[in-house]
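Examination of the molecular architecture
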Number of protein chains: 2
Amino acid sequence: MRIENLYVVIMAGGIGSRFWPYSRNAKPKQFIDVLGVGKTLLQMTYDRFKNLASEDNIYVVSNQQYGNIIKDQIEGISDHQVLLEPTRRNTAPCIAYAAYKIRKKDPNAVIVVSPADHAIFGETEYLNCISKAVQSTVESDKLITLGIQPTRPETGYGYIQFFESDEQVKKVKTFTEKPQLDLAKTFLASGDFVWNAGIFIWSVESIINAFEAHLSEVAELFAEGSDHYFTDSESDFIKTAYSHSKNISIDYGIMEKAENVYVVLGDFGWSDLGSWNSLYDIKDKDQDENVVTGNNALFYGSKNNLVHSNPKKVVLVQDLDGYLIADFDDVLVICKKDEEAKFREFVADVKQKKGDNYL
Amino acid sequence: MRIENLYVVIMAGGIGSRFWPYSRNAKPKQFIDVLGVGKTLLQMTYDRFKNLASEDNIYVVSNQQYGNIIKDQIEGISDHQVLLEPTRRNTAPCIAYAAYKIRKKDPNAVIVVSPADHAIFGETEYLNCISKAVQSTVESDKLITLGIQPTRPETGYGYIQFFESDEQVKKVKTFTEKPQLDLAKTFLASGDFVWNAGIFIWSVESIINAFEAHLSEVAELFAEGSDHYFTDSESDFIKTAYSHSKNISIDYGIMEKAENVYVVLGDFGWSDLGSWNSLYDIKDKDQDENVVTGNNALFYGSKNNLVHSNPKKVVLVQDLDGYLIADFDDVLVICKKDEEAKFREFVADVKQKKGDNYL
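Residues numbered from 1 in each chain as written. Chains lettered and ligands numbered in written order. Predicted model: local features only at pLDDT ≥ 70, side-chain atom pairs only at ≥ 80, totals over all residues. Heavy atoms only, no water.

Here's the deal with the interface of chain B and chain A
Rules: Any two residues having at least one pair of non-hydrogen atoms within 4.5 Å are treated as being in contact. A quick way to say it: buried area is the sum, across both parts, of accessible area lost when two parts are put together, with a 1.4 Å probe. Any Lys or Arg side-chain nitrogen located within 4 Å of an Asp or Glu carboxyl oxygen qualifies as a salt bridge. Two N or O atoms form a polar contact when they lie within 3.5 Å of each other; inside protein one atom must be a possible hydrogen donor and the other a possible acceptor, and for residues adjacent in sequence the pair counts only when both atoms belong to side chains. What counts as a helix is a DSSP run of H or I of at least four residues, what counts as a strand is a run of E of at least two, and both are numbered from the N terminus. Gly is put with the polar residues, along with every residue not named as nonpolar or charged; the nonpolar set is Ala, Val, Leu, Ile, Met, Phe, Trp, Tyr, Cys and Pro, and the charged set is Asp, Glu, Lys and Arg. Strands were regarded as paired on the criterion that DSSP finds at least two bridges between them.
On the side of chain A, 33 residues touch chain B, which itself brings 33 residues to the contact. Interface area for chain B against chain A, summed over the two sides, is near 2,900 Å², with a carbon-plus-sulfur share of 60%. Linking chain B to chain A there are four salt bridges. Residue B:Asp319 pairs with A:Lys336 through a salt bridge whose shortest N-O separation is 3.6 Å. Linking chain B with chain A are 27 residue pairs in polar contact (both at pLDDT 80 or more). Elements that contribute at least two residues to the side of chain B that touches chain A include exactly β13 (297-300), β15 (314-318), β16 (323-328), β17 (331-336) and α11 (340-354) of chain B. The residue makeup of the side of chain B that touches chain A, split by class, is 18 nonpolar, three polar and 12 charged. Note that strand β17 (residues 331-336) of chain A and β15(B) share four bridges and pair parallel.

As for the pattern of salt bridges
This is how it is decided: Exposed residues in this analysis have more than 50% of their type's maximum accessible area, buried residues have under 20%, and partly exposed residues fall in between, with area computed by a 1.4 Å probe over protein chains only.
All told, the structure shown has 31 salt bridges over all chains when counted by the stated rule. A salt bridge links B:Asp117 to B:Lys29, with the shortest nitrogen-to-oxygen separation between them at 3.6 Å. Placement of B:Asp117 in the loop between β4 (110-115) and β5 (119-120) and of B:Lys29 in the loop between β1 (6-11) and α1 (41-49) is noted, with a sequence separation of 88 residues between them. Note on B:Lys29: relative accessible area 9%, which makes it buried. One salt-bridge network, held together by shared partners, links A:Lys313, A:Asp327, B:Lys313 and B:Asp327.

As for the relation of the copies chain B and chain A
The two chain copies are connected by a rotation around an axis plus a translation along it. How we decide: Overlaid copies result from least-squares superposition on C-alpha atoms, with residues included only where pLDDT is at least 70 in both.
Taken as rigid bodies, chain B and chain A are interconverted by a rotation of 180 degrees and an axial shift of 0.1 Å, the fit giving an RMSD of 0.0 Å. What the rotation and shift describe, once combined, is the action of a two-fold rotation axis. With an isologous cut-off of 70% or more, the 100% of interface residues of chain B that recur at the interface of chain A puts this contact in the isologous class.

Digging into the side chain of B:Asn63
Residue and element names in this part refer to chain B. Turning to its location among the elements, asparagine 63 is positioned in strand β2 (residues 58-63). Since its relative accessible area comes to 7%, asparagine 63 is described here as buried. Here asparagine 63 is in contact with Gly13, Leu84, Glu85, Pro86, Thr87 and Arg88, once residues within four sequence places are set aside.

A short note on the packing of aromatic side chains
Residues and elements named next belong to chain B. Heads up, the rule is: Each Phe, Tyr or Trp ring, with Trp reduced to its six-membered ring, pairs with another whose centre is within 6.5 Å; inter-plane angles below 30 degrees give stacked pairs, above 60 give edge-to-face pairs, and intermediate values give tilted ones.
Summed over the entire model, instances satisfying the criterion amount to 40 aromatic pairs over all chains. Consider the rings of tryptophan 195 and tryptophan 270, whose centres lie 6.3 Å apart with planes at 45 degrees: the pair is tilted. Here tryptophan 270 lies in strand β11 (residues 270-271) and tryptophan 195 lies in strand β9 (residues 193-203), a separation of 75 residues in the sequence. By relative accessible area, which is 9% here, tryptophan 270 ends up buried.

Quick word on the sheet that holds strand β13 (residues 297-300) of chain A
Pairing is mixed in the open sheet, where six strands are placed in the order β13(A)-β15(A)-β17(B)-β16(B)-β14(B)-β12(B). At either margin of the open sheet sits one strand with a lone partner, and together these are β13 of chain A together with β12 (291-292) of chain B.

A look at the sheet that holds strand β14 (residues 306-308) of chain A
The strand order β12(A)-β14(A)-β16(A)-β17(A)-β15(B)-β13(B) describes an open sheet built from six strands, whose pairing is mixed. Each edge of the open sheet is held by one strand with a lone partner, namely β12 (291-292) of chain A together with β13 of chain B. Strand direction decides the pairing type here: β12(A) and β14(A), joined by two bridges, are parallel. Pairing of A:Val291 across the sheet is with A:Leu306, part of β14(A).

Examining the environment of A:Asp267
All names here are of chain A. Secondary-structure assignment places aspartate 267 in the loop between β10 (261-266) and β11 (270-271). For aspartate 267, a relative accessible area of 54% corresponds to the exposed category. As a C-alpha pair, aspartate 267 and glycine 147 span 120 residues in sequence and 8.5 Å in three-dimensional space. Non-local contacts of aspartate 267, meaning those with residues more than four positions away in its chain, are made with Glu125 and Gln149.

Remarks on the packing of helix α3 (residues 91-105) of chain A against helix α7 (residues 216-223) of chain A
Residues and elements named next belong to chain A. What counts here: Between the N-to-C directions of two axes lies an angle of 0 to 180 degrees, each axis being a line fitted to C-alpha atoms and, for a helix, fitted only over the stretch in contact. Any angle that is under 35 degrees is reported as roughly parallel, and any over 145 degrees as roughly antiparallel; angles of 65 to 115 degrees are reported as roughly perpendicular and all others as oblique. If you view the pair so one helix is near and one far, a crossing is left-handed when the near helix is turned anticlockwise from the far one by less than a right angle, and right-handed when it is turned clockwise.
Relative to each other, α3 and α7 sit at 40 degrees, their axes nearing to 9 Å. Comparing the axis directions of α3 and α7 gives the class oblique. Viewed along their axes, α3 and α7 form a crossing whose handedness is right-handed. Together, Pro93, Ala96, Tyr97 and Tyr100 of α3 and Val218, Ala219, Phe222 and Ala223 of α7 make up the contact between the two elements. Classifying every residue of the contact of α3 with α7 gives eight nonpolar, no polar and no charged.

Things to note about the environment of A:Met11
Residues and elements named next belong to chain A. Considering the arrangement of structural elements, one finds methionine 11 in strand β1 (residues 6-11). By relative accessible area, methionine 11 is classed as buried at 14%. Considering only alpha carbons, one finds methionine 11 and leucine 42, 31 residues apart in sequence, at a separation of 9.3 Å.

With respect to α7(A)
All names here are of chain A. Counted only if it meets this: Read the arc as the range of directions from the helix axis to the C-beta atoms.
Taken residue by residue, α7 has Val218, Ala219, Leu221 and Phe222 as its buried positions. End-on view of α7: buried residues confined to an arc of 165 degrees, all on one side of the axis. If you follow the buried residues of α7, they end up packed against α3, α6 (204-214) and α8 (234-244).

See the structure below:
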């Protein structure tokens, strides 16, 4: 069921090269079909939110270079729903831009902010969590984040510690950036830490109050835009505003400072899809723990591998254990699946030796 | 310098899948640029013989399905120079067909018979060997084969044992098919065994005499064609002749039986290109013994590998030792480079599971 006054802001500005060679600077992962389901991550995110919000109320924020891709991928989205950033300023300015713009249209709006490039498996449970949080923000000035029940001592995610209570909406105690493994194990054992999925729910009034309190320069910058939002001058105004804006994340700028921050716990199956290995983790495996995003691989004496290629291409693999085989147009990568630091070095090396065209 | 009365018969009928996925049923290895030099193996063979023989005297024998490929690859070749076999009958009928046809045109012809799909590195030395052999056949009825100085106890080649002498053209003692490793080592140590390259030199009269003596049914079959060769009825005649012909190799049918068989030793750098490993053996290697037929691979912690792909494609390889990485259109193969028996099983498995289209 759709909730009135509900607005969605999908953040789709990432340029992650962690799914290279599939994700490219010209087409980052949110715009590709990472899961092999026939829809891009952006399309899946947009479709998911159509269950809760009117299509007119779903906004996408991204860098201006991706404007056309977004309009291609979301049929019928209007220009004013696509918020294009002239430069990258991290999440706080992006969220401020969307909040001030939405307030002009609807001062009673409740906003869900979500990345475009994650994977959600239990959609019903996920939408229930969002609904619970939305309900709570209607009655209060709570800034709510979703916390994912952790299943392993993951060092690639941020953690949220909360005050145990019987309430469905629990007060947040601390935010912790990506921890070392020992600390992650402690978090997992303690039971009062959850993963920070970067999904936020708040009323437009609450988040604007928070900007005014904690990031007042950013608040001032985007408040000045109220004459321009939804007009022909919005784009010019935003160019100037972004050139003056701080570069700061919403976590660091607001969530870690504000007192009225709460968490709704979710156990709906989530991945930030932050690496090839994370894709391997969430996909079905054959009897030898191989994953193929297609049905096109033949394995001989091989286990624990991830093969990602054109599904029409036969991929024959002998005697490999724990490898990523990613074949895409002008790049073929055959490397250890779980050595993410090395993978980043390889990508940098390709950029240096072969040029930007391959990135 | 060109030798008058010299005719060349290039045998280009193989359907080898040993360079799969590059060599395909529709385009076997003689028609592809295996060495990455901008010419197919057939083109290289044809061009090499243009140094010795008039272009009009160079004939190509192959299966009829490859007629168009041959005409595409050899500019200006006339229809009567392309001998098309309706069915595969091994080398003896193929050589008989060419010999009887050539005799009709020139009863004094000397013929060089050569496969289309091998690699020759020392072209000058090679042509010298051929010239020596041609000279010898002009004065005698010798059936001459080229013997390659062996450099390793190769078990994939046939061997020729010869009677030591001061002559440049030495009498052959025995032919041995692919030996076991122990025997190959003995051959190498003995010094009087050389590799059988399947390159033959004889006068048309001598080879026809040999057919009459050792394969008289084949001789009769193709002798009957003298009214048809170089006419419109040649193709129909050949269809009938092949349907009645034995399936037998020239080695087994004639060379191992005749008394007048001789060998000219050559040391010109030769490979039968019988496997990916043989391609690896002959190519330049980087400091880690990797071979790339292009300049497009980036290796990390990897050695002894062979990468064969579109040269515009970046291929990134981590922690592999002794692998073949062959990327071609609709097939990607990542397997051990030197396990040729397994490779044949894989190809058979692909045929069974994915269908003929991938072969």
